[in-house]
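# Structure assessment
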Amino acid sequence: MDNQAHTLFHVADRSYFALVKKDIHAFGVALGFSSERAGQLDIIIAELLSNIFKYVGEGSLFVKNVTSKDNPGLEIICTDCGPGIADIKKMMQDGVSTQNTLGHGLGAISRLSDVFEVYTQKDFGTVLLSRIYKEPLPLFEPKHAAEVKAVLVPKKGETLCGDGYFYKSSAQYLKILLGDGLGHGPEANKAVSEAIHRFKYCHENDPVEIIKYLHDAVRKTRGLVASVVVFDFEKREWNMCGVGNIQTRIANYAGTKMHGSYNGIIGHNLPRSMTSQRLQYEEGHHLVMCSDGIKTKWELSNYPGILMKDLSVLSAAVYKDHTRNSDDASVLAAKINL
């Protein structure tokens, strides 16, 4: 499911705010938002931009379409590298501000959002997540057996992203593909899109066999690097194989295990022999996968408490601190709810 890149708005100049508001408003209208819901979206964006200007000076907004049971919506992630929010509970209260303003910002965003989360740490900054849907979400939604979220951003100047992902879930398996088409732009996007299309209809359950299947299917493209992860619900086991420089890690509160990939290019040259790596599930396991648009030297242990947050918050935090800003970049996070 899903493979949409986020539209990135870097906000460093107040004169740019009106254009950002207009563009994001148009996203909501295109999804069929009523005038009331579009107005609520406008308030959320206005408050986010105002907070960036008042407290930090610059930040980024990531926006993409999302869906919940055929109910379309927008995911908005706001990140900054400011000092962090010292007392988040206090700042959520209306009338509380450290800048002599009305202090309606975080409280208003929370009330108008169907999903709202904040992650903040001293000297790290803040990641704020808001999702707003065409129709309000029900008060209670049962958890899915697995959750997968990702932040994908094209290289600056490109409209198409050369990174891509897809996942599918059944009663027995969760199967995830994260790929990076060689280079960037339309041809890279074509390669990863073809791999995703073939992955959707591949019936293999072993990551090695899936990669071999994709290799034969994408020979007419420029090729890609990719990792495939399969979780077996019955065996409670991760099974992984990758070709090329996709980072794959599984972490919980006890530590992180890294998965090594084979050298090669899917669609052009594969190792003669490949084996998958298996890992027994442990409570709290989170899978994190990154393309080479993300630097390799990052650790989830540097983000205390982030495993309790929405997976989009986790993905955005890694992206914020470790993007190279010179290539397509993607961070995918997944967890199992056993």
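Just so it is clear, the structure is predicted and the values come from calculations on it, not from any experiment.

## Quick word on the packing of aromatic side chains
All told, the structure shown has eight aromatic pairs when counted by the stated rule. Each ring, one from F231 and one from F233, has its centre 5.3 Å from the other, and the planes form 80°; the classification is edge-to-face. You'll find F231 and F233 in the same group, each marked buried. Aromatic pair F231 and Y281: ring centres 5.7 Å apart, planes at 75°, arrangement edge-to-face. With F231 in strand β9 (residues 224-232) and Y281 in the loop between β13 (277-280) and β14 (286-290), this residue pair connects regions lying 50 residues apart in the sequence.

## Section: the nonpolar core
Among the nonpolar cores identified, the biggest contains 27 residues, and I294, L300, L314, V318 and Y319 are the most heavily contacted of them. With seven residues, helix α7 (residues 311-322) is the largest single contributor of residues to this core. Discounting chain neighbours no more than four positions away, the residues touching V318 are C290, I294, W298, L300, Y303, T323 and V331. With 26 residues, the next largest nonpolar core counts L31, F33, C78 and V118 among its residues.

## Topic: the side chain of Q40
Along the chain, Q40 falls in helix α2 (residues 35-56). A distance of 2.8 Å separates a polar atom in the side chain of Q40 from a polar atom in the side chain of R37. Sequence-distant contacts of Q40, that is, excluding residues within four places in its chain, are made with L112 and I132.

## Focus on the sheet that holds strand β11 (residues 247-252)
Overall, antiparallel pairing links the five strands, which are arranged β6-β15-β14-β11-β12 in an open sheet. The two strands at the open ends of the sheet, each matched to only one other strand, are β6 (146-153) and β12 (255-259). Averaged over all neighbouring strand pairs, the angle between strand axes comes to 15°, with direction disregarded. Judged from the five bridges that link them, β11 and β14 form a sheet pairing that is antiparallel. Bridged to A251 within β14 is H286.

## Some points on the environment of I246
Here I246 shows up in the loop between β10 (237-243) and β11. Looking at I246, the relative accessible area reads 3%, which means it is buried. For the pair I246 and I294, spaced 48 residues apart in the sequence, the C-alpha separation amounts to 9.5 Å. In contact with I246, other than residues within four places in its own chain, are L178, D180, V225, A226, S227, S261, C290 and S291.

## Observations regarding the pattern of salt bridges
For the coordinates displayed, the defined rule picks out 10 salt bridges. The partner of D310 in a salt bridge is R131, and the shortest N-O contact between them spans 2.8 Å. Note that D310 is positioned in the loop between β14 and α7 and R131 in strand β5 (residues 125-133), a separation of 179 residues in sequence. Of the two residues examined, D310 and R131, each falls in the buried class. With its nearest N and O atoms 2.8 Å apart, the salt bridge here joins D321 to K320. The exposure class assigned to D321 is partly exposed, which follows from its relative accessible area of 32%. Residue classification places K320 among the buried positions, given a relative accessible area of 14%. Through salt bridges with shared partners, a single network forms among E75, R131 and D310.

So, how was this worked out
- Residues numbered from 1 in each chain as written.
- Predicted model: local features only at pLDDT ≥ 70, side-chain atom pairs only at ≥ 80, totals over all residues.
- Heavy atoms only, no water.
- Phe/Tyr/Trp six-rings, centres within 6.5 Å; stacked < 30°, edge-to-face > 60°.
- Buried < 20%, exposed > 50% of the residue type's maximum accessible area, 1.4 Å probe, protein only.
- Helix = DSSP H or I, 4+ residues; strand = E, 2+ residues; numbered from the N terminus.
- Core = buried A, V, L, I, M, F, W, Y, C linked by side-chain atoms within 4.5 Å.
- Contact = heavy atoms within 4.5 Å.
- Polar contact = N/O pair within 3.5 Å; in protein donor to acceptor, adjacent residues only side chain to side chain.
- Pairing = 2+ DSSP bridges.
- Axes fitted to C-alpha atoms, helices over the stretch in contact; angles between N-to-C directions.
- Salt bridge = Lys/Arg side-chain N within 4 Å of Asp/Glu carboxyl O.

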